[in-house]
Amino acid sequence: MPRRLTGFTPSGDLHFGNYIGAIAPIVSAQADTDTVVFISDLHALTLEHDPAQVRRRTLEFATLLLAAGADPDTCLFLVQSHVPQHTELHYLLECATGFGEAQRMIQFREKSRRGGRVRVSLLTYPILMAADILLYDTDEVPVGEDQNQHLELARDVAERFNARYGPTFTVPKAVTPPVAARVMDLATPGEKMSKSAASPAGALRLLDEPRVLRRKVMRAVTDAGTDVTYDPEHKPGVSNLLTILAACTGDTPQRVAGRFDRYGELKEAVADAVVATLAPVRERYLELADDPEYVRAALRKGAERARELASERIRTAKAAIGLLPP
Ligand code: TYM
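Residues numbered from 1 in each chain as written. Predicted model: local features only at pLDDT ≥ 70, side-chain atom pairs only at ≥ 80, totals over all residues. Heavy atoms only, no water.

As recorded by an unreviewed UniProt entry, the protein carries the name Tryptophan--tRNA ligase and is attributed to Actinomadura miaoliensis. Turning to the protein, the UniProt annotation filed under Subunit (unreviewed entry) states: "Homodimer." Reading the Function (unreviewed entry) entry of the UniProt record for the protein gives the comment "Catalyzes the attachment of tryptophan to tRNA(Trp)." (UniProt positions renumbered as here; feature names shortened; annotations may be inferred.)

Here it is, written out as structure tokens:
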């Protein structure tokens, strides 16, 4: 069985883009793949953060992943910082990555331009991500389009390490959804839907109440003209709504467009589809949130198994790179 792995950084509120880009692909394939799903809490420390918020969100994200259908008996389900081998491998991979290579990452350039002090960990973050992936001999990484460059780095580092020190790591590949690999913000459709958007109006959060989801869709920015066509360049707002509807119904945005004559009808259909997709996740979350000990026990079990699995890969990587075994 191929191994699939993906992670979620507890740095804001999980939204529809996260759901379509990574949660749904991992949940729908968990019976046929060897799945690893984790909360990348260490990644949340790369920007200014509030310690209590990171801790709270880590449990919230874990609960939401279970609510969305991740099965802790089928997948390896864990919090990154509970498995110290992630940071151990991170250091070894830093020794196989060029400074310029890390500096070229678009997310680093964008985030470091926002002002304030830039943490060294923001620069090395994609190398920690490579460690997350390579630690578990991952074949496939379901991600949204924004993570493609980081995946390329993970592949390059794995190939370089293998070529220089002998075959050690599986070279992973990104798996992006055929539709909605980049869901856009509803209020500013030129930007991707993001956990840390300036305005909450543009992001459909997994924990938004149905009436809030509906209101956000009905108020979404649309484009000049009246006809419903899929044309991301000239009609970014309408095209985003078509993409969201297509992703919810397993269709293509082009085909979906043919069903509507007016923006208002399209919005009604998108609101219904989004509520039908996300409301059950929220309901299940509210049930599970009453029993945090269940979630924490699942995470403890996952971390225990992960530590065992990861220690063998660390041993071979250390030996390959030239460290004397104890
Ligand atoms: P994060 O937490 O920012 O996002 C989680 C996942 O959601 C996807 N995504 C989107 N997909 C479609 N449209 C959008 N608007 C959208 N926004 C986000 C992301 O591509 C991602 O798949 N560094 C990662 C977490 C991570 C990871 C890993 C992922 C850490 N280690 C190893 C895969 C493998 C991150 O911060 O994703």
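Considering the packing of helix α3 (residues 85-94) against helix α12 (residues 292-321)
Running from N to C, α3 and α12 point in directions that differ by 20 degrees, and their axes come no closer than 10 Å. One way to sum up the angle between α3 and α12 is to call them roughly parallel. The interaxial crossing formed by α3 with α12 has left-handed handedness. Two secondary-structure elements touch here, α3 through Gln85, Glu88, Leu89 and Leu92 and α12 through Arg307, Ala310, Ser311, Ile314, Ala317, Lys318 and Ile321. (Axes fitted to C-alpha atoms, helices over the stretch in contact; angles between N-to-C directions. Helix = DSSP H or I, 4+ residues; strand = E, 2+ residues; numbered from the N terminus. Parallel < 35°, antiparallel > 145°, perpendicular 65-115°, else oblique. Left-handed = near helix turned anticlockwise from the far one by under 90°. Contact = heavy atoms within 4.5 Å.)

As for the pattern of salt bridges
Counting across every chain of the model gives 21 salt bridges. Among the salt bridges present, the one from lysine 216 reaches aspartate 208, with a minimum N-O distance of 2.7 Å. Like aspartate 208, lysine 216 is buried. The partner of aspartate 272 in a salt bridge is arginine 214, and the shortest N-O contact between them spans 2.9 Å. In this pair, aspartate 272 sits in helix α11 (residues 263-288) while arginine 214 sits in helix α8 (residues 210-218), placing the two residues 58 residues apart along the sequence. One network of salt bridges, with partners in common, ties together Arg4, Glu140 and Lys173. (Salt bridge = Lys/Arg side-chain N within 4 Å of Asp/Glu carboxyl O. Buried < 20%, exposed > 50% of the residue type's maximum accessible area, 1.4 Å probe, protein only.)

Here's the deal with empty space enclosed by the protein
Empty space among the atoms becomes visible once a probe the size of a water molecule is rolled across them. Across all of its chains, the model carries one cavity of 30 Å³ or more by this definition. Size it by volume and the largest cavity reaches roughly 40 Å³. Lining the largest cavity are Met105, Gln107, Phe108, Lys111, Leu122, Tyr125, Pro126 and His150. For the lining of the largest cavity, the secondary structure elements donating two or more residues are α5 (106-112) and α6 (120-134). Of the residues belonging to the lining of the largest cavity, the class tally is five nonpolar, two polar and one charged. (1 Å grid on protein atoms, 1.4 Å probe; cavity = no way out; pocket = protein on both sides within 12 Å on 5 of 7 lines; lining within 4 Å. Points joined across faces, edges and corners; volume = space filled by probe spheres on them. Nonpolar A, V, L, I, M, F, W, Y, C, P; charged D, E, K, R; others polar.)

Details of the pairing of strand β1 (residues 3-8)
Within β1, five of the six residues are buried, which leaves it mostly tucked inside the rest of the structure. In terms of strand pairing, β1 meets strand β2 (residues 34-39) through six bridges, oriented parallel. Bridged to threonine 6 within β2 is valine 37. You can see the chain leave β1, run along helix α1 (residues 16-28) and come back into β2, and the turn it takes is right-handed. (Pairing = 2+ DSSP bridges. Right-handed = clockwise from strand over helix to strand, strands pointing away.)

As for the nonpolar core
With 59 residues, the main nonpolar core has Ile23, Leu204 and Leu266 as its most contacted residues. When residues in this core are grouped by element, the largest group, 13 residues, is from α11. Counting the residues that make up this core, at least three belong to each of domain 1 (3-176 + 292-321) and domain 2 (200-287). The residues contacting leucine 204, other than those within four sequence positions of it, are His15, Phe16, Leu186, Met193, Leu213, Lys216, Val217, Ile244, Val274 and Leu278. Ranked by size, the runner-up nonpolar core spans 37 residues in total, among them Leu5, Phe38, Ala303 and Ile314. (Core = buried A, V, L, I, M, F, W, Y, C linked by side-chain atoms within 4.5 Å. Domains from an automatic or database assignment.)

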